Amino acid sequence: MTEQRQRPRRRGQGELEALVLSALREADGPATAGWVQERLGGDLAYTTVITILTRLLAKGAVTRERAGRSFAWTPASDQAGLAAHKMRKVLDSEGDREAVLASFVTGLGADDERLLRELLGQSRNEGED
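An account of the accompanying structure is given in this report. Just so we're clear, the structure is a prediction, and the values are computed from it rather than from any experiment.

1. Describing the pattern of salt bridges
So, step 1. Summed over the entire model, instances satisfying the criterion amount to five salt bridges.
So, step 2. In this structure, the salt-bridge partner of R39 is E26, at a minimum N-O distance of 2.7 Å. One end of the pair, R39, is in helix α2 (residues 33-39); the other, E26, is in helix α1 (residues 13-26), and 13 residues separate them in sequence.
So, step 3. You can call R39 partly exposed: its relative accessible area is 47%.
So, step 4. According to the relative accessible area criterion, E26 is partly exposed, its value standing at 42%.
So, step 5. A salt bridge links R117 to E113, with the nearest nitrogen and oxygen atoms 2.9 Å apart. Of this pair, R117 and E113 are both found in helix α6 (residues 110-128), four residues apart, which corresponds to roughly one turn of the helix.
So, step 6. Its relative accessible area of 28% is what places E113 among the partly exposed residues.

2. Side note on the nonpolar core
So, step 1. Ranked by internal contacts, the top residues of the largest apolar core, which has 18 residues, are V20, L24, L53 and L56.
So, step 2. Of all the secondary structure elements, the ones that give two or more residues to this core are α1, α2 and α3 (46-58).
So, step 3. It is α1 that contributes the most residues to this core, five residues altogether.
So, step 4. If near-sequence neighbours (up to four positions away) are discounted, L56 is found in contact with E17, V20, L21, A61, V62 and L82.

What counts as what
- Residues numbered from 1 in each chain as written.
- Predicted model: local features only at pLDDT ≥ 70, side-chain atom pairs only at ≥ 80, totals over all residues.
- Heavy atoms only, no water.
- Salt bridge = Lys/Arg side-chain N within 4 Å of Asp/Glu carboxyl O.
- Helix = DSSP H or I, 4+ residues; strand = E, 2+ residues; numbered from the N terminus.
- Buried < 20%, exposed > 50% of the residue type's maximum accessible area, 1.4 Å probe, protein only.
- Core = buried A, V, L, I, M, F, W, Y, C linked by side-chain atoms within 4.5 Å.
- Contact = heavy atoms within 4.5 Å.

Right, dumping it as structure tokens:
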């Protein structure tokens, strides 16, 4: 009988980004990649944490400042902001923006459609001030 070692489950990029952002939000201020790695239990390689932070920086979800020879990272966006950024990126990559938006809106449930109408109404009212 052969012994099988169970390989750790591979997490997706979005899941890792969410974990890193969550850890940064728990920090009392700017945090180093080493602090984030430690906060996440140390099961991610330091280089993986740096890669995720760099991707989040490119997406505008975090900011960084020089801290000695390294960087200290701060969340610039919460999970909702990151999801909204992804939605805009998908929308921007499509040729027929109107068709994509129309398809999205017609696929919404009644509660989501009502919420979207309320948010759009608030946005218009704020613009009139």
